[in-house]
Amino acid sequence: IWVARQFNNSVLRLRGSDGVKGGSFAVGRMPIALLFAGGNVWVANLNGKSVTKLRASDGATVGTYDVGDGPGGLAYDGTNIWVANRNSNDVTKLNASTGIKVGTYPVGKRPISIAYLAGNVWVTNNSDDSVTKLRASDGVAQGTYKVGDAPFGVASDGVNIWVTNFFNKSLMKLRASDGATLGTYPVGNDPAGIT
């Protein structure tokens, strides 16, 4: 189990069977999001304008890569790492093997979270009350869809897209093919993360 320690500029590794600490590893400034992909742990460094790639087996730093301003949400499409950059209103695509920047693509205002489903990347635009669907192969926008107030988290169930609306106290289900709303569900105050 890996834990981002936002104000310690590190991540902590715990043994899953009993919670025993297995090391603390320095990363960039203000780590806020983690992603496991291909035997590595990727860390979004919110105030570092970077992501750090750690080898999961021992926590060694494989590399630190520049992205946009305010990286937070992370997703993996099987080949690339996608990073939502909340202050520069874009997403960065990095090759997961090399860390080389493949592209940077504009989305809405204050992108927070990102998810991958069936050849597309979905991004919550927190200040625009929308989500943007990008084609993963080339980053071309396939559509932007209105959701609730201050969308925060986004996840896929393998068929549909789910979005938390922070100020609406709700969760929305969107059809992945066209972004149509399939349902809105009350969940209580300030829903943020979702998996």
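Below or above, wherever it landed, is the structure these notes cover. (Residues numbered from 1 in each chain as written. Predicted model: local features only at pLDDT ≥ 70, side-chain atom pairs only at ≥ 80, totals over all residues. Heavy atoms only, no water.)

If you tally the helices and strands in the chain, you get zero helices and 19 strands. Against the 2.2 N^0.38 benchmark of 16 Å for 195 residues, the chain shows a C-alpha radius of gyration of 16 Å, consistent with a compact globule. Its C-alpha atoms give the chain principal-axis dimensions of roughly 45 × 35 × 30 Å. Looking at the chain as a whole, 51% of its 195 residues qualify as buried. (Helix = DSSP H or I, 4+ residues; strand = E, 2+ residues; numbered from the N terminus. Rg over C-alpha atoms; globule rule 2.2 N^0.38 Å. Buried < 20%, exposed > 50% of the residue type's maximum accessible area, 1.4 Å probe, protein only.)

By size, the foremost hydrophobic cluster in this structure holds 13 residues, and its most contacted members are Trp42, Val51, Leu74, Ile81, Val83 and Leu94. Among the secondary structure elements, those contributing two or more residues to this core are strand E4 (31-37), strand E5 (40-45) and strand E9 (80-85). Counting twelve residues, the second largest nonpolar core, distinct from the first, contains Leu117, Trp122, Tyr145 and Ala176. (Core = buried A, V, L, I, M, F, W, Y, C linked by side-chain atoms within 4.5 Å.)

To continue, consider the pattern of salt bridges. What the rule picks out here adds up to four salt bridges. Its salt-bridge partner being Arg55, residue Asp58 comes within 2.8 Å of it at the nearest N-O pair. A relative accessible area of 37% places Arg55 in the partly exposed class. (Salt bridge = Lys/Arg side-chain N within 4 Å of Asp/Glu carboxyl O.)

The next subject is the sheet that holds strand E18 (residues 170-175). One open sheet holds the four strands; their spatial order is E16-E17-E18-E19, and the pairing between them is antiparallel. Where the open sheet ends on each side, the last strands, each with one partner, are strand E16 (151-156) and strand E19 (181-186). On average, adjacent strands in this sheet sit at an angle of 20° to one another, irrespective of strand direction. As paired strands, E18 and E19 are joined by five bridges and run antiparallel to one another. Along E19, the bridge assignment pairs Met172 with Thr184. (Pairing = 2+ DSSP bridges. Axes fitted to C-alpha atoms, helices over the stretch in contact; angles between N-to-C directions.)

We now examine the packing of aromatic side chains. Applying the stated criterion to the full structure yields seven aromatic pairs. Ring geometry for Phe166 against Phe167: centres 5.1 Å apart, planes inclined by 80°, an arrangement best described as edge-to-face. Take Phe166: its relative accessible area is 23%, and that puts it in the partly exposed class. (Phe/Tyr/Trp six-rings, centres within 6.5 Å; stacked < 30°, edge-to-face > 60°.)

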